[in-house]
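Structural description and commentary
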Amino acid sequence: MERGPRGLTLSALNPAARRLGLSRGQAHADARAMVPALISVPAEPERDLEALRSLALWAERYSPCVAMEPAEASSGPSSGSGREGLLIDMTGGAHLFGGETALLTDMAGRLAAAALPARLALADTAGAAWALARFGRAARIAPAGATRNAIAPLPVAALRLAREDVQLLSRLGLRTIGDLLALPRAGLARRFRGEAGLTLVRRLDQALGVEPEILAGVRPAPLWRVWRSFLEPVIDAAGVETVLGDLAPSLAEGLERDGQGARRLALTGFRTDGRTTALTVALSRPSAHPGHLARVLKERGLEHLDLGFGIDALMLSAETAEPLIQVQGDLDRSSQLGAADPRLALDGLLDRLGARLGEGQVHYLEGRESWMPERAQVRRPASEGPPPSAPDREAARAPGLPDRPLMLLDPPEAVTTVAELPDGPPVRFIWRRVAHHVVRSQGPERLSAEWWRPLRRGLPPRTRDYYRVEDGEGRRYWLFREGLYGREDRMEQPPSDPGAEPQIVARPPTWWMHGVFP
Amino acid sequence: MSLPYAELDALTNFSFLEGGSHPREMVAQAKYLGLEAIGIADRNSLAGVVRAHREAKLQGLRLLIGARLVFEDQTVLIVYPRDLAAYGRLCRLLSLGKSEVLGTDHAERTTKGQCRLTFDQALAHGEGLVAIAPAPAVIDGAFGSRLAAWARAWPDRLYLGANLRSDGRDRARLNHLARLADGLSIPMIGTTAALYHHPDRRPLQDVLTCIREGTTIDQAGFRLQANAERCLKGPDELARLFRGHEAALVRTREIVQACRFSLDELAYQYPNEPVPAGVTAQQHLTDLTWQGAAWRYPQGVPDRVAATIGKELALIAHRRYAHYFLTVHDVVRWAREQGILCQGRGSAANSVVCFCLGVTSVDPVGQDLLFERFISAERDEPPDIDVDFEHERREEVIQYIYGRYGRDRAAICATVIHYRPRSAIREVGKALGLTEDVTAALAGTVWGSWGHEVEDRHVEGAGLAGQDPRLALALDLTRELIGFPRHLSQHVGGFILTEGPLVEMVPVGNGAMADRTFIEWDKDDIDDLKIMKVDVLALGMLTAIRRGFDLIARHHGQAWDLAAVFLRRDLEGPVYDMLCRADSLGVFQVESRAQMAMLPRLQPRAFYDLVVQVAIVRPGPIQGDMVHPFLSRRTARREAQARGESFEILYPSPAPPHDPDELKSILGKTLGVPLFQEQAMRIAMEAAEFTGDEANGLRRAMATFRHTGTIHSYEDMLVGRMKARGYDPEFAENCFRQIKGFGEYGFPESHAASFALLVYVSAWMKCFFPEVFAAALLNSQPMGFYAPAQIVRDAREHGVQVRAPDVNASDWDCSLEAPVVAAADLAEGLAAGVPPGVFHPLRLGLRQIDGFHRAWADTILAARAAAPFASLDDLRQRAGLPAAALERLAAADALGSLDLSRRGGLWAARGLPRTAPLPLFAGMGLEEADGPPPAALPAPALSEEVVHDYETLRLSLKAHPVSFLRQDLARAGAIPAAQLATAPAAPPGGGRRIAVGGVVLVRQRPGTAKGVCFITLEDETGVANIVVWPKLFEAFRPVIMGSRMMLVRGRLQRAEGVTHLVAEHLEDWTGSLAGLSDQPLPALAAPGDEATRSAPGRGDPPRHRHPRVMPRSRDFH
């Protein structure tokens, strides 16, 4: 489903939904009324487009020129994410696959194997193929030079027209492309508003091949990669390291020229036995510093490359890259990494730690808006981005919140206390079998449970009263009592026998040590 | 002994999306906790104070009424008026703030408290207002200096409101505040800054916060409260928390003693305008009434009437209501002078004085209606007169009222919009982070918008078992949120008029519609304060009837009005005959399927039968299971009378020693079966011995059932007492169910009588002037239950010749043409069994053309007055129409008189230049510019023409779409709908299956029918009524909800003249319909269809809703 001007509508359906009579473009609420148990998920046009792009790359096996159908061409019931077709320029290429029929058969077979439903057609022009794929009945191949006859019986919607234009033609009683071809073109074009008349004529011409149509092909994003092949196979890590030292600067040069920094590096060795061996590593932020690139790979361990009987070529490539934030470099590129910018030094450290300990093992602590002390921070993998800035850390703290201990006991430890009811501070408490006498105290700071979070051990969560206390020796502790006297000290126990009344059982408040102040 | 303490910083849920408890809950809890008094001060509003006032009186607790002024710089000052004058200034201040927000975004207004104020404005109105500056979360220097400045400036006393944060540093905070107050010599009081009455409301308050902030509970973070301490607290707990500062708590008493103002002091005076100088209001009313009586009873006022008038006038004098009656009379008189048709409805119809003043049209003496039901000496309730006006001209009446009394003395009252299940689920679900999919599913399972509860079966119905804890939480919170006020909207037409300035009585703000002002209190609040209001309502049928009278006068030369129709008893016969046949399409109130099914069973033969007819198909009688007993008694009586025997009515009666005939006087007119709301109330008083107070409580619970649901507390009282007094337990329970039903939609007898009059008049018009009736209905669209297609079809079936719109013949409205007896008409007329030339042919107006503008029609008419148009070019040049207009005309096939077919016309219209022709070429014909239309345009098939007709006119005179599928239907075994009437009904438990196919007109699943779905299909021969049992409904839900055309197989049932097909199998034939043309046939469902309008999730409700044209008939929910 997708959100449009008229609320949520269905943007795509599976066969089961179609069998129930639902349709594309239908209001989600109407569909719900028909099928209350309808399962629907928000549309993700970007991912659809991504999927189409990857299919386009796959289709490059048939022709170097594969285009995704332009967005404006779609005239389905829901224009929605729209782009759902591929246009392949097979000019002069069909014979490579055994002729046009065999080509389509091969393509259909492969797509079917991948469980991708598809409608295929082949014609002299992209427009005609588009029309035949969607509206053609039997023969989906328009023989060369017979385009006019092939598309004449198709409905006017096959011309890639806007919906209102199709509607106008229908009102005029013009149903098929053939009906249009029979009319004087100027008179026809005049009946349309604005550009629509020109569009109609252009679409006709494009379908017939009178006007050329340029396909904008998809290409994979350019890769930054550098090679070195050897006369003698390299057989040990030391040799690889030497070559790496040569490759890294030239890769960095290419990246920097394009304003890119590598986020993921691959070092691929081409073995003499025709196989490859590879090492990949992720960087915490885009980098085009040759020393850094080489160092990260070395930290990862060049000995992990399985060189077999030796490699005769080595390739260093940036598999993913992101725009590089330019930092003024040194005059000579040989100086130590990070001398200019401490941030770079931190990145270097993070990458080296990550390479040593494994990705995802290095974290920042990030503030999270929660009143519960143990939930007020969250770990975030360092590889996901730069560390939180100081203002961010401040923003994640409640205004005027009293100080917390630096470290929390996890889990809190039970203590026994003597305290005034109902919510006086502890006077004495025993923690880890040592008795403490409280000389100063502050509190309570009352924090109620996050009622929306799942229950632990099935018990309703209770309110905590936190106290900062100081004992006779000046040590400061952070204790809390869980449960309020008079409000949360008893609960209804559901009876084991379903017919009986629930029992009220006592649930006395309990005391816990949650942290120690320095 | 606890400290004396009053809580003076408390919000209710009228601080929308902030306060978490109802005013009554706050007050009741304050009483329970033993507080001396409570002050209710909502954010820039007094909207909730009347409710608090009501509860405080009930609880016997002192209530202070004030407001929490949130200034534009977000600083806060709580103010309480000392006396009435100060209260007036506070109202004026809030009205001023509200007038600043004219035209701002609706959502913004509701969340921001609809008010924009500055401290300086407050200062100017501050005399007599005791102010409390509540301590903010963080006490900084800015607060200190602000406090100092405010204390110096404030004319009355200013207090510092110390509150606690429960963040572990309360002692320091208190000490700090005390020092601050001391230094500035400002007295400090202690408060709790309550957001809700009980700590259990914290989750709901968190959810409200999420809704307000537009976030989810997981994302809300520190915007939520850290704990549940913002609840009301008792004096003991506060004394412990404020230890060492107890004086600040006790000091609250000082404010309580200073502020003696109570809402009871609002002395309310109706405007004096309509009374001429030198006469008292009562004398003037008496004069007018007797003048009116002479007009109403030209043969002389009957003694009974005269006696009743005297009694009523005495009571009016006693209660001092003369001004009120005069005000209403003035409005009605003015409307009459403008030729605006109007009629009083509701309990006012019980009053002969209203009848004589021309406010109502039903003679209450003739109908045995009791004035005591309108006003009584004992019952302390203000009268409530509702007047319906023609819906198209009501605005004139409203502006007259504003003009006559001025903006500062007249305003519309508010309607508090409450959370209903659907809106509550949506917002709670969103706040808890449920996906839109899940909330839509939950909301979608509540059929109609009148549900009260989210039942577990709804949840299961949505395919969502209640297992997921988050979902269970959402449901619990939803149940809690239902009934919370959501925002204030304006009432449909309830006017408050005052003698003094209204803005000193209640804050007045700007309505969503331009030129409307409305007060903050709703109808119930006004009733509580004994403020009278006049309901200026709109009724589409009055428009249609007035248009009908006009057409009759113009084309038949007869002058009629409401009263005249009613007096011609000799014309009754055919009218009732027609109604008994359920031939009532278009007739006011009785045109829905349920009403049509009731007509043949009820067999109305007299006016009172119509009163019963209007009232019986409603939730009250249906849920109370009163319909069948009534019908069977009526049948029995009819049969007895036919045999010449007398018919003994059996009344429900108590056991001895009580009087067995105690209900006889109550139920006499309705054969011993309670049908009307006041009968149910009287039963409560007689049979269940309710005291006056109890009965008032029940009446209130009934009136507010939909949002408070307090009615259940009366169940034991009513049922138990009736049983104890020996009544049949089933009857007692039915009585309670009926009262519950009236809670959903009350229907008193007088209201039914006023409506019945319009039923009769519209039926009369349909019976004698069907072409006038059809034209009047078409010209008053949108209204009623059916679409124009059905109105036109019905007219044709009654022998009216209907002609297609044409640019040379049609006006903007549908019009009547001179009767011409042409050969074709003769054939058509004879086929319909009507002598030719009796009815004027009906010419469809240009208004029927989709998207055609009134202004275009006006220019056409002006140009046509000289001579008819000869060609398209002539039309274009003389009428100066834009191309779009010509195109619409062509598409609607309205260029026939110019010899242009639909396609030819469209081709030509599309070929015109977009702009006006240059003078040089103005004389040049189209053909010279473009050449003739190509011969290549294929001629359309008839089926295509019909589809295009529907597309442009929503109807077709050429054929019915289903007629093209007749062969397919016949192959599938379907018979035409017209044959259902004669087809054999299935015996119980067997019989032949019958199939029928047609387009879907109406689908309904009334709440009173326990899940049964009613579908009305239409084919080229007529309509078929389908009944779908709940089990089958679930099995065929996609077909039922999704089809535009369907084929239904089932068994025919016939009872008491009503035929319906009980479905066993349904097929979606939408595809066949689509095959008629390239372009899809537009949906044909009639306005009465619920499946197209009750579907949830159609985005947000429109911002400016039209005032409802007709009261929504609730017989289907």
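Residues numbered from 1 in each chain as written. Chains lettered and ligands numbered in written order. Predicted model: local features only at pLDDT ≥ 70, side-chain atom pairs only at ≥ 80, totals over all residues. Heavy atoms only, no water.

Focus on the confidence of the model for chain B
Residue and element names in this part refer to chain B. Per-residue confidence for chain B gives a mean pLDDT of 83; residues scoring 70 or more make up 88%. Counted against residues more than four places away or in other chains, residues 917-929, with its pLDDT under 50, gives 12 contacts. Here the prediction assigns the complex a pTM of 0.75, and the interface score ipTM is 0.73. (pLDDT = per-residue confidence, 0-100. Contact = heavy atoms within 4.5 Å.)

Here we look at the nonpolar core
Residue and element names in this part refer to chain B. M722, W764, F852, L875 and L889 are the most contacted members of the largest nonpolar core, which totals 171 residues. In terms of residue count, the dominant contributor to this core is helix α36 (residues 749-768) (12 residues). When sequence neighbours within four positions are dropped, the list of residues in contact with M722 reads I683, A687, A688, Y727, F731, A732 and C735. (Core = buried A, V, L, I, M, F, W, Y, C linked by side-chain atoms within 4.5 Å. Buried < 20%, exposed > 50% of the residue type's maximum accessible area, 1.4 Å probe, protein only. Helix = DSSP H or I, 4+ residues; strand = E, 2+ residues; numbered from the N terminus.)

Regarding the environment of G896(B)
Take G896(B): it is sitting in the loop between α42 (883-891) and α43 (902-911). A relative accessible area of 40% places G896(B) in the partly exposed class.

Some words on the interface of chain A and chain B
Of the residues lining the interface, 55 residues belong to chain A; the matching set on chain B comes to 66 residues. For the pairing of chain A and chain B, the buried interface totals around 5400 Å² over both sides, and the portion due to carbon and sulfur atoms is 53%. By the criterion of area lost to chain B, the three top residues of chain A are R171(A), R191(A) and W451(A), representing 16% of everything that side buries. One salt bridge in this structure joins E229(B) and R487(A), with 3.2 Å as the shortest N-O distance. Where the side of chain A that touches chain B is concerned, the elements lending two or more residues are α2 (28-34), α7 (163-171), α9 (185-190) and β13 (434-447) of chain A. Grouping the constituent residues of the side of chain A that touches chain B by class yields 28 nonpolar, 11 polar and 16 charged. (Buried area = accessible area lost by both parts, 1.4 Å probe. Salt bridge = Lys/Arg side-chain N within 4 Å of Asp/Glu carboxyl O. Nonpolar A, V, L, I, M, F, W, Y, C, P; charged D, E, K, R; others polar.)

A look at the environment of S762(B)
Examined against the element boundaries, S762(B) turns out to sit in helix α36. Here V759(B) takes part through its backbone oxygen, which lies 3.1 Å from a polar atom of the side chain of S762(B). (Polar contact = N/O pair within 3.5 Å; in protein donor to acceptor, adjacent residues only side chain to side chain.)

Concerning the pairing of strand β14 (residues 533-539) of chain B
Residues and elements named next belong to chain B. Of all the 7 residues making up β14, 7 are buried; the element is thus mostly covered by neighbouring parts of the structure. Across the two faces of β14 the burial is the same, with K533, D535, L537 and L539 and V534, V536 and A538 all buried. As judged from the 6 bridges shared by strand β9 (residues 385-390) and β14, these two strands associate in the parallel manner. Paired with V387 across the strands is V536, a residue of β14. In the sheet, strand β11 (residues 485-497) pairs with β14 via 3 bridges, with the strands oriented antiparallel. (Pairing = 2+ DSSP bridges.)

Comments concerning the pattern of salt bridges
According to the stated counting rule, one finds 92 salt bridges over all chains in the structure shown. R546(B) is the partner of D550(B) in a salt bridge, and the nearest nitrogen-oxygen pair spans 3.1 Å. With a gap of 4 residues between them, D550(B) and R546(B) both fall in helix α23 (residues 540-556), about one helical turn apart. One connected set of salt bridges, linked through shared partners, spans D423(A), R446(A), D465(A), R481(A), R487(A), E229(B), K233(B) and R240(B).

Concerning the environment of R878(B)
Residue and element names in this part refer to chain B. Note on placement: R878 falls in helix α41 (residues 872-879). Filtering out sequence-adjacent residues up to four positions away, R878 remains in contact with A863, R864, A866, A867, P868 and F869. Among the polar contacts listed, one links the side chain of R878 to the backbone oxygen of P868, at a separation of 3.5 Å.

Side note on the state of the cysteines
Each disulfide consists of a covalent bond between the sulfur atoms of two cysteine residues. Across all of its chains, the model carries 0 disulfides over all chains by this definition. Left without a disulfide partner, C259(B) is nearest to the cysteine sulfur of C91(B), which lies 14 Å away. (Disulfide = S-S within 2.5 Å.)

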